[in-house]
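Descriptive analysis of the structure
Each chain, letter by letter, is given below.
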Amino acid sequence: MEALLINKHEILKRYKPVSVQAHKGTQGHALIIGGSYGKIGSIILASKASLKSGCGLVTALIPKCGYTSIQTSFPEAMVITDKEEAYISEIEFEIIPNAIAIGMGIGQHETTQKAFIKFLKNNNKPLLIDADGINILSKNKELFDFVSEQTILTPHRKELQRLIGDWSSEEEMIEKAARLTESKKWIIVIKGAPTQIISGNAIYTNSTGNQALATAGSGDTLSGIIAGLLAQGYTPEDAAILGVYIHGLTADIGSKSLGYQAFIASDIIENLGKAFLSLDENF
Ligand SMILES: NC(=O)C1=CN([C@@H]2O[C@H](COP(=O)(O)OP(=O)(O)OC[C@H]3O[C@@H](n4cnc5c(N)ncnc54)[C@H](O)[C@@H]3O)[C@@H](O)[C@H]2O)[C@@H](O)CC1
Ligand SMILES: Nc1ncnc2c1ncn2[C@@H]1O[C@H](COP(=O)(O)OP(=O)(O)O)[C@@H](O)[C@H]1O
Ligand SMILES: [Mg+2]
């Protein structure tokens, strides 16, 4: 496998500044699906992160319990609510999204699992699967055939272990993950310190980020960033690489004033502007 470092040089090959002629239609529409009672925050974080990563529109598909909190805390998002109060029971939408992120906070209720399976069998949009979406895949491996090529999976190491089984070394972990990406043509973002991305026959190691990111919701936020980039038309590989880099850069920037303890996932979102501006300086 080719081993590459994700540094600014690598990023500037892939990054596209926003066109002067842009309007919200050209910037793409991200659909963020997930949340369950007590975990609506994961979708608020992911939705906000997607819009602040430059997509033009974002819609959140959540259970009814989350409606008021998301519309109040993040009025820019449009919202579709499930008929169920506490969990998602069906995944249906009229909108035509450019990219979808699913799984954050979604839980593993039997009905949610059935809805997720039906969604996978019908989806044809660029897709990111995170968190409980990955856990449902791990429990239903026959679903792998319905996860199309170029789908981005963003497991932390525990989620990865559920997906590919245990490993006795870092090399074995990479080998097992690479076997899966080779056969399914997925892109796997192994979140960690540092994060590594396996795509095609390459493994990319991120050069940004720090322990400020060891905080609830930082992965949900990364899923939103990558979905926002996917919606803008970045290829899945570029969206994953750029998303991981920018996500880590917000912590490098933000922890300078906040330190490591007080930096929380919302600070990732607050520092997205500075992170993108550091790339624009080169254009
Ligand atoms: N505010 C919210 O609504 C939040 C919702 N969340 C959602 O909560 C659900 C559960 O996510 P969790 O990741 O907490 O649950 P998991 O059960 O997947 O992971 C937690 C367990 O995995 C271990 N673990 C976590 N990260 C690890 C790493 N990098 N390396 C090794 N072990 C690791 C922990 O020690 C713990 O034992 C997900 O759907 C997630 O999206 C969380 O993201 C937290 C915030
Ligand atoms: N010590 C660390 N150094 C760099 N990145 C970290 C560190 N700890 C956590 N992260 C990053 O924070 C994110 C955690 O993701 P995840 O566990 O899914 O969070 P959550 O599910 O709570 O949103 C990942 O992107 C991971 O790479
Ligand atoms: Mg997570």
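One numbering rule holds for all chains: residues counted from 1, following each sequence as written. Lettering for chains starts from A, numbering for ligands starts from 1, and both go in the order in which the items are written. Given that this is a predicted model, residues contribute local features only at a pLDDT of at least 70 and side-chain atom pairs are listed and counted only at 80 or more, while totals for whole chains, interfaces and linings are drawn from all residues. By convention in this description, side-chain values take in all heavy atoms of the structure and omit both hydrogens and water.

To keep it simple, the criterion reads: UniProt positions are given in the numbering used here, feature names are shortened, and annotations may be inferred rather than shown by experiment.
Per an unreviewed UniProt entry, the protein carries the name ADP-dependent (S)-NAD(P)H-hydrate dehydratase and comes from Flavobacterium lindanitolerans. Recorded under Cofactor (unreviewed entry), the UniProt text for the protein is reproduced unchanged: "Mg(2+)". As stated in UniProt under Function (unreviewed entry), the record for the protein gives "Catalyzes the dehydration of the S-form of NAD(P)HX at the expense of ADP, which is converted to AMP. Together with NAD(P)HX epimerase, which catalyzes the epimerization of the S- and R-forms, the enzyme allows the repair of both epimers of NAD(P)HX, a damaged form of NAD(P)H that is a result of enzymatic or heat-dependent hydration."

1. Overview of the packing of aromatic side chains
Heads up, the condition is: Each Phe, Tyr or Trp ring, with Trp reduced to its six-membered ring, pairs with another whose centre is within 6.5 Å; inter-plane angles below 30 degrees give stacked pairs, above 60 give edge-to-face pairs, and intermediate values give tilted ones. A run of DSSP states H or I qualifies as a helix once it reaches four residues; a run of E qualifies as a strand once it reaches two. Both are numbered from the N-terminal end. Relative accessibility decides the category of a residue: with a 1.4 Å probe and only protein chains considered, values under 20% of the type maximum give buried, values over 50% give exposed, and everything between is partly exposed.
For the structure on display, the rule yields two aromatic pairs. Taken together, a centroid distance of 6.3 Å and an interplanar angle of 35° make the contact between Tyr15 and Phe276 tilted. In this pair, Tyr15 is assigned in the loop between helix 1 (8-12) and strand 2 (29-33) and Phe276 in helix 11 (residues 272-280), connecting sequence segments 261 residues apart. Take Tyr15: its relative accessible area is 8%, and that puts it in the buried class. Residues Phe144 and Trp186 carry aromatic rings whose centres are separated by 5.2 Å and whose planes lie at 70° to one another, so their mutual orientation is edge-to-face. Residue Phe144 is located in the loop between helix 5 (132-139) and strand 7 (152-153), and its partner Trp186 is located in the loop between helix 7 (170-184) and strand 8 (187-190); the two are separated by 42 residues in the primary sequence. Each of the two residues, Phe144 as well as Trp186, counts as buried.

2. Section: the side chain of Ser255
Inclusion rule: Pairs of N or O atoms are called polar contacts if they sit within 3.5 Å, as long as, within protein, a hydrogen donor faces a hydrogen acceptor (for residues adjacent in sequence, only side-chain-to-side-chain pairs). Only heavy atoms enter the contact rule, under which two residues are in contact if any of them lie within 4.5 Å.
Secondary-structure assignment places Ser255 in helix 9 (residues 236-258). The class for Ser255 is buried, based on a relative accessible area of 11%. Reaching out from Ser255, the side chain makes a polar contact with the side chain of Asn210 at a distance of 3.2 Å. If near-sequence neighbours (up to four positions away) are discounted, Ser255 is found in contact with Asn210, Ala212, Tyr260 and Phe263.

3. Details of the UniProt feature "binding site: (6S)-NADPHX" (unreviewed entry) in the protein
We count it as follows: Cavities and pockets were defined on a 1 Å grid built over protein atoms only: a cavity is a set of grid points that admits a 1.4 Å probe from which the probe cannot escape, a pocket is an open set flanked by protein on both sides within 12 Å along at least five of seven lines, and lining residues are those with an atom within 4 Å of any such point.
According to UniProt, the feature "binding site: (6S)-NADPHX" (unreviewed entry) maps to Gly105, His156 and Asp220 in the numbering used here. For this annotated set, covering 116 residues, all C-alpha atoms fall within 14.2 Å of each other, a compact arrangement in space. Of the annotated residues named above, the ones that line the largest pocket are Gly105, His156 and Asp220. Position of Gly105 relative to the elements: it lies in the loop between strand 5 (99-102) and helix 4 (110-122). With relative accessibility at 9%, the residue Gly105 sits in the buried group. Excluding residues that lie within four positions of it along the chain, Gly105 makes contacts with Gly35, Ser36, Lys39, Ser42 and Asp132. Secondary-structure assignment places His156 in the loop between strand 7 and helix 6 (157-164).

4. So, the site of ligand 2
To keep it simple, the criterion reads: Think of it this way: one heavy atom of a residue within 4 Å of a molecule or strand is enough to make that residue near it. Where accessible areas are quoted, they stem from the Shrake-Rupley method and a 1.4 Å probe; at the residue level, only the protein chains shown are allowed to cover. Cavities and pockets are treated as containing a molecule whenever more than half of the molecule's atoms lie within 2 Å of their grid points. Throughout this entry, Asp, Glu, Lys and Arg are counted as charged residues, while Ala, Val, Leu, Ile, Met, Phe, Trp, Tyr, Cys and Pro are counted as nonpolar. The remaining residues, Gly among them, count as polar.
Close to ligand 2 lie 16 residues; Lys191, Thr195, Gly217, Gly219 and Asp220 are nearest. Within the backbone of Asn210, one N or O atom sits 3.2 Å away from a nitrogen atom of ligand 2. Here an oxygen atom of ligand 2 and a backbone polar atom of Asp220 are 2.8 Å apart. Protein coverage of the free-state accessible area of ligand 2, which is 570 Å², stands at 77%. Its atoms largely coinciding with the cavity grid, ligand 2 occupies the largest pocket. With four residues, the top contributor of residues to the shell around ligand 2 is helix 8 (residues 218-231). Residue composition of the shell around ligand 2, grouped by class: five nonpolar, nine polar and two charged.

5. A few points about the UniProt feature "domain: YjeF C-terminal" (unreviewed entry) in the protein
Per the UniProt annotation, the sites labelled "domain: YjeF C-terminal" (unreviewed entry) are residues 7-279. Structurally, residues 7-279 is divided into 43% helix and 14% strand, and its ends, taken at the C-alpha atoms, are 11 Å apart.

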